[in-house]
Amino acid sequence: MDKLTLKASGPLSGKIPIAGAKNSALKLMAAAILTDQEVVLNNLPNLADTRFMARLLDSLGIETYWPASSSTLRMRSAELTSTIAPYDLVRKMRATFNVLGPLLARVGHATVSVPGGCAIGARPVDLHLKAFEAMGADIVIEEGYVKAAALRGLHGADITFPFPSVGATEHAMMGAVLARGHTRLQNAACEPEIADIANFLNSLGAKITGAGTSCIEIEGVSSLGGGEYATMGDRIEAGTFMIAVAATGGDVTFAGANLGHLDALAAALRDAGVKVEGVEGGVRVSRSGSGLKPVDIDTRPYPGFPTDLQAQFMALMTIADGVSTIRENIFENRFLHAPELNRLGANISIRGSEAIVHGVGRLKGAPVMATDLRASVSLVIAGLVAEGQTTINRVYHLDRGFENLEAKLNACGAQIERSADSD
Ligand code: EPZ
């Protein structure tokens with residue numbers, strides 16, 4: 001297992017290229033099951049999670065061609081040899097559950113392991129299953145597996161989500177593409193990744209309108225063609241690095257980042273005294289001299305402050321001049337980074353879904369443990385500004401969602417080393 005060793009860096013400066021969005025890429029890969037024609041996905045991030053999804057697709061009989069370190073995946077699902085996603089593949093990465101809808105829509109049945117909880121919360125899939133039932137699927141849960149069948153095909157439905165779930169919105173939208181008739185998804189999630197998936201599916205011949213708003217309309221088609229599509233830039237990777245520069249100070253441009261997807265973060269950073277501006281082809285963040293002001297945040301579905309940037313923003317607030325409150329409204333257990341940040345000298349107390357962060361003058365390096373993807377990267381941000389040396393263990397969490405993290409930061413002046421953990 002690898003570990004990262006960080007020394008306090010001075011201000012970061014330079015340019016960081018932003019990779020394709022993990023949370024879009026995973027669903028684009030699953031959505032490609034809907035067509036028997038060749039699909040080429042460009043700007044695909046090279047991550048443990050996307051490679052894992054490719055393994056699942058292989059196991060379903062889908063031909064994939066994805067050379068090491070390439071950002072282009074070619075895939076063709078001319079003939080599926082399996083419609084089963086086993087426990088081991090779904091347990092390790094929840095997004096693999098999203099093959100259920102495309103399999104059901106394409107061949108009328110699928111058996112996919114129930115994902116189970118994860119470090120950040122229980123994360124049930126009831127909203128996904130209710131949507132497919134509304135579209136005519138018979139669903140039973142037996143021996144830990146969701147067994148879904150719609151032998152005469154799915155049909156369109158009017159579905160109103162009680163909560164704008166990202167995964168359920170994406171999943172229902174994929175299923176509805178090949179359903180008979182019209183589907184309307186109301187109180188749908190509005191995350192930019194949903195519009196990206198819809199744009200991809202429309203480029204193959206789907207008829208989706210309204211993706212990216214709370215009402216999505218889908219007119220079912222009988223089949224999809226092939227095509228080539230480039231994944232949108234990763235707003236969470238971009239946001240993470242923006243927060244890192246806010247913490248260290250300096251001046252960095254993020255090529256491929258879209259400021260329009262990062263309004264809530266940009267507002268919070270500006271309130272903290274950081275300069276954020278849109279530039280040709282990206283976003284530029286700079287901070288010099290003056291300290292950071294404390295800012296309260298509240299995580300919300302898009303366009304609110306993203307839960308996937310909450311841990312990173314908390315790391316930033318540990319060194320602000322004053323007290324800030326951070327509320328997590330999406331997941332019930334997403335403060336695992338707080339005790340680790342406290343090991344670095346932060347002063348964070350947790351009350352239910354609220355974290356009170358008393359800014360401290362300085363963090364001090366220490367060994368810490370990565371617990372999930374975004375929690376891990378919050379420790380990297382803290383390690384960049386902590387006096388002395390910080391060691392982060394279990395960095396496989398980071399590799400699930402950040403491509404070349406240390407190379408990108410080191411190119412701007414960070415001092416991060418990766419080594420094999422001997423423990
Ligand atoms: C997606 O998870 C992302 N994952 C998450 O990113 C992200 O944090 C989350 O959206 C919110 O933005 C991927 O896209 C692969 P939800 P998802 O369905 O789809 C409850 C990361 O670090 N819920 O919007 O699972 C659920 O328990 C990951 O990259 C139900 O109750 O999120 C949660 O409390 C972590 N029933 C809330 O809704 C359901 O059927 C939001 O979940 C579905 C969800």
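What comes next is a walk through the structure. All values derive from a computational prediction rather than experimental measurement.

Conventions and cut-offs
Here the residue numbering is sequential within each chain, running from 1 through the sequence in written order. Residue-level local features of this predicted model are given only where pLDDT is at least 70; pairs of side-chain atoms are given and counted only at 80 or more, and the full residue set underlies all totals for whole chains, interfaces and linings. With hydrogens and water excluded, all non-hydrogen atoms of the structure serve as input to the side-chain values. Going along the chain from the N terminus, every DSSP run of H or I of four or more residues is numbered as a helix, and every run of E of two or more is numbered as a strand. The size measure is the radius of gyration over C-alpha atoms, and the globule rule it meets is 2.2 Å times the number of residues to the 0.38 power. Exposure classes here rest on a 1.4 Å probe applied to the protein chains alone. A residue is buried below 20% of its type maximum, exposed above 50%, and partly exposed in between. Using a 1.4 Å probe, accessible areas were evaluated by the Shrake-Rupley method; residue-level cover was limited to the displayed protein chains. Only four residue types enter the tally: Lys and Arg on the positive side, Asp and Glu on the negative side; His and the chain ends are excluded. Charged groups are reduced to one reference atom each: NZ for lysine, CZ for arginine, CG for aspartic acid, CD for glutamic acid. By the convention used here, strands pair only if DSSP detects at least 2 bridges between them. Inter-axis angles, ranging from 0 to 180 degrees, are taken between N-to-C directions of lines fitted to C-alpha atoms, where helices are fitted over the stretch in contact. Here, two residues are considered to be in contact whenever any of their heavy atoms come within 4.5 Å of each other. Only a single heavy atom is needed: when it lies within 4 Å of a molecule or strand, its residue is near that molecule or strand. Counting of polar contacts relies on pairs of N or O atoms within 3.5 Å, with two restrictions inside protein: one atom must be capable of donating a hydrogen and the other of accepting it, and residues adjacent in sequence are counted only when both atoms are side-chain atoms. Asp, Glu, Lys and Arg are counted as charged, while Ala, Val, Leu, Ile, Met, Phe, Trp, Tyr, Cys and Pro are counted as nonpolar; the rest, among them Gly, fall into the polar class.

A look at the overall build of the protein chain
Then step 1. Each helix and strand in the protein chain was counted, giving 14 helices and 24 strands.
Then step 2. On C-alpha atoms alone, the protein chain measures out to a radius of gyration of 21 Å, which is about the 22 Å that the 2.2 N^0.38 rule sets for 423 residues.
Then step 3. Taking the principal axes of its C-alpha atoms as reference, the protein chain extends roughly 65 × 45 × 40 Å.
Then step 4. A buried classification covers 56% of the 423 residues belonging to the protein chain.
Then step 5. For the protein chain, the accessible area works out to roughly 15,900 Å², and carbon and sulfur atoms hold 48% of it.
Then step 6. On the protein chain, the mean spot of the 38 positive side-chain charges and the mean spot of the 44 negative ones are 2 Å from each other.

Looking at the sheet that holds strand β2 (residues 12–17)
Then step 1. Strand order in the open sheet made by the four strands is β2-β15-β17-β16, with mixed pairing throughout. Edge strands, defined here as strands with exactly one partner in the open sheet, are β2 and β16 (275–279). Adjacent strand axes in the sheet meet at a mean angle of 15° when their direction is disregarded.
Then step 2. Pairing between β2 and strand β15 (residues 250–255): six bridges, direction parallel. Paired with Lys15 across the strands is Thr253, a residue of β15.
Then step 3. Sheet strands touched by helix α8 (residues 235–248): β2, β15, β16 and β17 (282–287). Its angle to β15, the strand with the most contacts, is close to 170°.

With respect to the site of the ligand
Then step 1. Close to the ligand lie 22 residues; Asp126, Ser165, Asp308, Ile330 and Arg374 are nearest.
Then step 2. Measuring from a nitrogen atom of the ligand, one finds a side-chain N or O atom of Asp126 at 2.7 Å.
Then step 3. Note that an oxygen atom of the ligand is positioned 3.2 Å from one of the side-chain N or O atoms of Arg334.
Then step 4. Starting from 830 Å² of accessible surface for the ligand in isolation, the protein chains cover 85%.
Then step 5. Its residues placed into classes, the shell around the ligand shows 10 nonpolar, five polar and seven charged.

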